[in-house]
Amino acid sequence: MTAFQGKSVLVLGGSRGIGAAIVRRFAADGAAVTFTYAGSAEAAQALAAETGSTAVVTDSADRDAVIARVRESGPLDVLVVNAGIAVFGDALEQDPDVIDRLFRINVHAPYHASVEAARQMPAGGRIIVIGSVNGDRMPVAGMASYALSKSALQGLARGLARDFGPRGITINVVQPGPIDTDANPEDGPMRDLMHSFLAIKRHGRPEEVAGMVAWLAGPEAGFVTGAMHTIDGAFGA
Ligand code: NDP
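Residues numbered from 1 in each chain as written. Predicted model: local features only at pLDDT ≥ 70, side-chain atom pairs only at ≥ 80, totals over all residues. Heavy atoms only, no water.

*Asks:* Sorry if this is basic, but what is going on with the packing of helix α1 (residues 17–28) against helix α7 (residues 206–217) here?
*Replies:* Geometrically, a packed helix pair is captured by the angle between its two axes and the distance between the axes. It is the contact of α1 with α7, at a shortest axis distance of 8 Å, that shows an interaxial angle of 50°. Considering their axes alone, α1 and α7 lie oblique with respect to each other. Both α1 and α7 take part in a crossing whose hand is right-handed. Contact residues: G17, I18, A21, I22, R25 and F26 in α1; P206, E207, V209, A210, G211, V213, A214 and A217 in α7. For the contact of α1 with α7, the residue count by class is 10 nonpolar, two polar and two charged. (Axes fitted to C-alpha atoms, helices over the stretch in contact; angles between N-to-C directions. Helix = DSSP H or I, 4+ residues; strand = E, 2+ residues; numbered from the N terminus. Parallel < 35°, antiparallel > 145°, perpendicular 65-115°, else oblique. Left-handed = near helix turned anticlockwise from the far one by under 90°. Contact = heavy atoms within 4.5 Å. Nonpolar A, V, L, I, M, F, W, Y, C, P; charged D, E, K, R; others polar.)

*Asks:* How should the nonpolar core be read in this particular structure?
*Replies:* Soluble globular proteins tend to bury their nonpolar side chains together. Ranked by size, the top nonpolar core spans 32 residues in total, and within it V11, I22, F26, V33, F35, V80 and V213 carry the most contacts. Of all elements in the fold, only β1 (8–12), α1, β2 (32–37), α2 (41–51), β4 (78–81), β5 (126–130) and α7 reach the threshold of two or more residues within this core. At seven residues, α1 tops the list of elements feeding residues into this core. When residues no more than four places from it in sequence are discounted, the contact partners of V11 are G19, I22, V23, V33, T34, F35, T36, V80 and N82. L10, L12, V66 and I169 belong to the second largest nonpolar core, which has 23 residues in total. (Core = buried A, V, L, I, M, F, W, Y, C linked by side-chain atoms within 4.5 Å. Buried < 20%, exposed > 50% of the residue type's maximum accessible area, 1.4 Å probe, protein only.)

*Asks:* Explain the site of the ligand here, please?
*Replies:* In the neighbourhood of the ligand, 33 residues make up the surrounding shell, with S15, S40, N82, Y146 and T181 lying closest. At a separation of 2.8 Å, a nitrogen atom of the ligand approaches a polar side-chain atom of D59. Its free accessible area being 880 Å², the ligand has 92% of it covered by the protein chains. Secondary-structure elements contributing two or more residues to the shell around the ligand are α1, α4 (96–120) and α5 (144–164). Residues that form the shell around the ligand fall into these classes: 13 nonpolar, 15 polar and five charged. (Near = heavy atom within 4 Å. Polar contact = N/O pair within 3.5 Å; in protein donor to acceptor, adjacent residues only side chain to side chain. Areas by Shrake-Rupley, 256 points an atom, 1.4 Å probe, with all protein chains shown as cover.)

*Asks:* What am I meant to see in the pairing of strand β6 (residues 170–176) here?
*Replies:* Two faces make up the sheet, and in a regular strand the side chains alternate between them. Most of β6 sits inside the fold, with seven of its seven residues counted as buried. Residues T170, N172, V174 and P176 line one face of β6 and the alternating positions I171, V173 and Q175 line the opposite face, and both faces are buried. Note that β5 and β6 share five bridges and pair parallel. Among the inter-strand pairings, V129 is bridged to a residue of β6, identified as V173. Handedness of the β-α-β unit built from β5, α5 and β6 comes out right-handed. (Pairing = 2+ DSSP bridges. Right-handed = clockwise from strand over helix to strand, strands pointing away.)

*Asks:* Even after reading the chapter, I still don't get α2, so can you show me in this structure?
*Replies:* Every α-helix carries 3.6 residues per turn, so stepping three or four residues along brings you back to the same face. Within α2 the residues assigned to the buried category are A44, L47, A48 and T51. Across the axial projection of α2, the buried residues extend over an arc of 100°, all falling on one side. Structural note: α2 exposes E42 and A49 on the side pointing more than 90 degrees away from its buried face. Where α2 is buried, its residues meet α1, β2 and β3 (54–57). (Arc of directions from axis to C-beta.)

*Asks:* Which parts of the structure should I look at to understand the side chain of T36?
*Replies:* Secondary-structure assignment places T36 in strand β2. At a separation of 2.8 Å, a polar atom in the side chain of T36 contacts the main-chain amide nitrogen of G13. Sequence-distant contacts of T36, defined by excluding residues within four places in its chain, comprise L10, V11, L12, G13, G14, S15, V56, T58 and R69.

*Asks:* Quick question: what am I supposed to make of the UniProt feature "domain: Ketoreductase" (unreviewed entry) in the chain here?
*Replies:* UniProt's entry tags residues 7–182 with the feature "domain: Ketoreductase" (unreviewed entry), counted in the numbering of this structure. Helix makes up 45% of residues 7–182 and strand 18%, with an end-to-end C-alpha separation of 29 Å. (UniProt positions renumbered as here; feature names shortened; annotations may be inferred.)

*Asks:* Whenever I open this one, α7 confuses me. Can you help?
*Replies:* With 12 residues, α7 extends 17 Å between its outermost C-alpha atoms, agreeing within 8% with the 16 Å of an ideal straight helix rising 1.5 Å per residue. Where α7 is concerned, the buried positions are P206, V209, A210, V213, A214, L216 and A217. Seen along its axis, α7 keeps its buried residues to an arc of 160°; they face one direction. Turning to α7, the residues buried within the fold contact α1, β4, β5, β6 and β7 (227–231). (Expected span 1.5 Å × (residues − 1).)

Here is the structure:
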């Protein structure tokens, strides 16, 4: 397929899981894809070799490194901010430095990367941030910091849509429910609890999320901006 032939795509956090599926989708559709990773060098190099994409190490917890990476990528047609972490546990016991690192990765990096990308992005540019249905619904204890971070992305998209819309740049949030990745494996201990919240009794697949991202990045979605797009088997319904 050549839907994104000649397009320049940067995926922040692309070495594994949903990010890797997004890299595969854009590469298969003809784009020139660069993706970042932090800890999974082996997976990143394997994915780059498989897809013909470029892997670069950039820690999303490091604001200045994220801004520099986006700037050095030149004019992007598509920016996808996928990198994200969850921290589980009793809010009263959690290390504030660990929580603040989550906010740097899940909130600060998406904001600064989006703004930096927009400086050079041409008309028709697309910014897509991977949020979570937990931005709308958090049915379990111990994940308030994660829910907060994903709700924050809703304000990010609503606000920056106003800033960038006049230049023909859209920004949207994709909000997955449980997706089968290392972070939330379908064969893990949370399976039955997760499925109890779902109308479709299975985890979603990373490729299904990548499909929604590709649609938002494509020509049919030019009037779609400042919006949340939930793909969750009715977790949030
Ligand atoms: P995984 O843990 O499977 O993969 C996370 C990816 O993000 C890896 O490529 C990882 O790279 C990268 N990453 C993590 N931290 C950093 C960092 N500091 N700097 C750069 N890259 C980083 O997660 P998922 O694929 O499951 O999740 C991807 C996104 O989707 C996240 O934003 C998550 O919150 C969201 N999401 C996931 C859901 C799920 O059920 N799986 C549900 C809803 C939302 P590396 O290993 O190289 O550090």
